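Structure assessment
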Number of protein chains: 2
Amino acid sequence: MTEQHEAPGGVSGRALQKDIPQATVARLATYLRVLAMLADDGVAIVSSEELAVAAGVNSAKLRKDLSFLGPNGVRGVGYDVAKLRARIEDVLGLSQGHRVVLVGAGNLGRALVGYGGFRRRGFTVVGILDSDPEVIGMPVAGLVVRDVAELPAAVAELEPTIAVITVPDDAAQDVCDRLVASGLQSILSFAPCELVAPATVEVRRVDLAVEMQMLSFERMRNAEQAPLPEVAHAGSGRIAHRLPTSHTAPAHPALQHATTPHTTTSHTATEPSSKGSVVTP
Amino acid sequence: MTEQHEAPGGVSGRALQKDIPQATVARLATYLRVLAMLADDGVAIVSSEELAVAAGVNSAKLRKDLSFLGPNGVRGVGYDVAKLRARIEDVLGLSQGHRVVLVGAGNLGRALVGYGGFRRRGFTVVGILDSDPEVIGMPVAGLVVRDVAELPAAVAELEPTIAVITVPDDAAQDVCDRLVASGLQSILSFAPCELVAPATVEVRRVDLAVEMQMLSFERMRNAEQAPLPEVAHAGSGRIAHRLPTSHTAPAHPALQHATTPHTTTSHTATEPSSKGSVVTP
DNA sequence: AACTGTGAAAACTTTCACAGCA
DNA sequence: TGCTGTGAAAGTTTTCACAGTT
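No experiment lies behind these values; they were computed from the predicted model shown.

1. Let's talk about the UniProt feature "binding site: NAD(+)" (unreviewed entry) in chain A
All names here are of chain A. According to UniProt, the "binding site: NAD(+)" (unreviewed entry) feature falls on Gly104, Ala105, Gly106, Asn107, Leu108 and Gly109. Of the annotated set, the members that line the largest cavity are Asn107. On the secondary structure map, glycine 106 appears in the loop between β4 (98–103) and α5 (107–114). With respect to the helices, strands and loops of the structure, asparagine 107 is situated in helix α5.

2. A short note on the protein's contact with DNA strand D
Lining the immediate surroundings of DNA strand D are 23 residues, of which Arg27(A), Ser48(B), Arg63(B), Asn72(B) and Gly73(B) lie closest. Of all atoms in DNA strand D that approach within 4 Å of the protein, 58% are sugar or phosphate atoms. Between Asn72(B) and DNA strand D, the recorded distance is 2.8 Å, taken from a backbone N or O atom to a phosphate oxygen. Between DNA strand D and Arg75(B) there is a distance of 3.0 Å, counted from a sugar or linking oxygen to a side-chain nitrogen or oxygen.

3. As for the protein's contact with DNA strand C
Close to DNA strand C lie 24 residues; Ser48(A), Asn72(A), Gly73(A), Arg75(A) and Arg27(B) are nearest. Asn58(B) is positioned with one of its side-chain polar atoms (N or O) 3.2 Å from a phosphate oxygen of DNA strand C. Contact distances for DNA strand C include 3.5 Å between a base nitrogen and a side-chain N or O atom of Arg63(B). For the surface near DNA strand C, the secondary-structure elements that each account for two or more residues are α3 (59–67), β2 (73–74) and β3 (78–80) of chain A together with α1 (22–40) and α3 (59–67) of chain B. When the residues that make up the surface near DNA strand C are grouped by side-chain class, the tally is eight nonpolar, eight polar and eight charged.

4. Let's talk about the side chain of Ser48(B)
Residue and element names in this part refer to chain B. Residue position: serine 48 is located in helix α2 (residues 48–55). Residue classification places serine 48 among the buried residues on the basis of a relative accessible area of 11%. Those residues in contact with serine 48 that sit more than four places away from it in its chain are Ser59, Leu62, Arg63 and Tyr79.

Cut-off values and rules
- Residues numbered from 1 in each chain as written.
- Chains lettered and ligands numbered in written order.
- Predicted model: local features only at pLDDT ≥ 70, side-chain atom pairs only at ≥ 80, totals over all residues.
- Heavy atoms only, no water.
- UniProt positions renumbered as here; feature names shortened; annotations may be inferred.
- 1 Å grid on protein atoms, 1.4 Å probe; cavity = no way out; pocket = protein on both sides within 12 Å on 5 of 7 lines; lining within 4 Å.
- Helix = DSSP H or I, 4+ residues; strand = E, 2+ residues; numbered from the N terminus.
- Near = heavy atom within 4 Å.
- Polar contact = N/O pair within 3.5 Å; in protein donor to acceptor, adjacent residues only side chain to side chain.
- Nonpolar A, V, L, I, M, F, W, Y, C, P; charged D, E, K, R; others polar.
- Buried < 20%, exposed > 50% of the residue type's maximum accessible area, 1.4 Å probe, protein only.
- Contact = heavy atoms within 4.5 Å.

See below:
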């Protein structure tokens, strides 16, 4: 119904976004990660089979996913790693990078500012805010924590495209409202509550406890089928369990990672501490 | 295949787990959160409509989801909050609580130990380990960081049911292997790489960057349709946008949260800093 | 020969709409 | 009357299998 004009010279992502299934979008992000890894290792061409294995999906699904972006590969050959990567970034709207503003300088907020996985994937944290006078003015990973009251000014000045909410539960809706009022259109919240926002604003929520609960469920289900596998419960097991990672195509050394046997991954993947799990004391 | 005996007096979750769809399991965790909120507010009975709205799904879906757990409500009346809650916890295997061991005492690891949302939902962090000599021995939220080398001993002693990996990318597989060798069956990883583990071990991965990338995609899609909504980009917008949160059934005060208009939530929801976004200095 | 791109089938999820119960 | 529980319809996602290209 909202059949607006097609914006001839506007966005770069061509005209296909419209029909890309949600599920596919989530996986595109995963493919991007694998492609980055391959590129780092100097791999120039991948087949759908190799890429699929490395991403933990089957190759038909991967090809179908990519087909939504138009033709990307060469039949009989495979996909050009660099080209495919650029194409996916373009479609996901990542080509120009994103400026991220973080509200909530608690433990989680600080973990995220320092989080190298963001910068590496084109997300730059440009500002961090909090409401606690104790915290305002303190430096966090090269940024100074500003007062949430300054939010409109900060937004005008920093021009973020994405906001991340890491404040407690009961402050989340208020922060969300302020972000919306300041003109932000994309919000990622870590607060365990639904947030109300106008339909034009995209809000996503990440709930760590749900992941744990799903794990709990799977374990219960498994426990039901196999009485008790009698696990090695003590001792000094070093590395153990180097599984037989052998598929038909040994492929490039970069594809070592591959062959997820049971991983139920739904979407994202974080990169915790930046280099060596060092606690900055 | 693997048609073992049914363990007569073992688990409490009845015999239904088997056929509960994945998508339903993810939502059960959400319902649980809402039910806890209602219980806190003294609500004793909810209708599917109220609960659904508060959880951000439609009521038919909610009823279908609950129907997989057997009859839970009373026709013409609704669901008993306490009873339903207990039933879901039982099915998800949460009734006995979970003991969680955390590997990686970096920023993210520390954010999670302190994270009240876990304890409140039945997950107790019983141990935290790292490989960095700088960090080993330091206290974190009431626990002392132990050496990963001690992992088998720590596992034998603490008897965790779930492990969380918050170490960097390149250490993740090694840690995973050690956890498996120590007998852990459920692993939640924040490292942005696929982990290889035996099929009997359940591994889930959370990737924060994927969530951001999905946000990015949605924004691009929206931007394409609406030329430019001309957002209020500066000024001093205070709280603004108190949306018209009016549905037909005003219901209990506890149901304020409700009415998510566009939230694309897929699963979990975190609760960042424990009380007031205070940075423990 | 090798590998992509894709229609068509199968599987899964959501929504509808109403029978059945308090 | 009011609300749950559920079969059957509609919609979405995954998988299959093969035609098409280099």
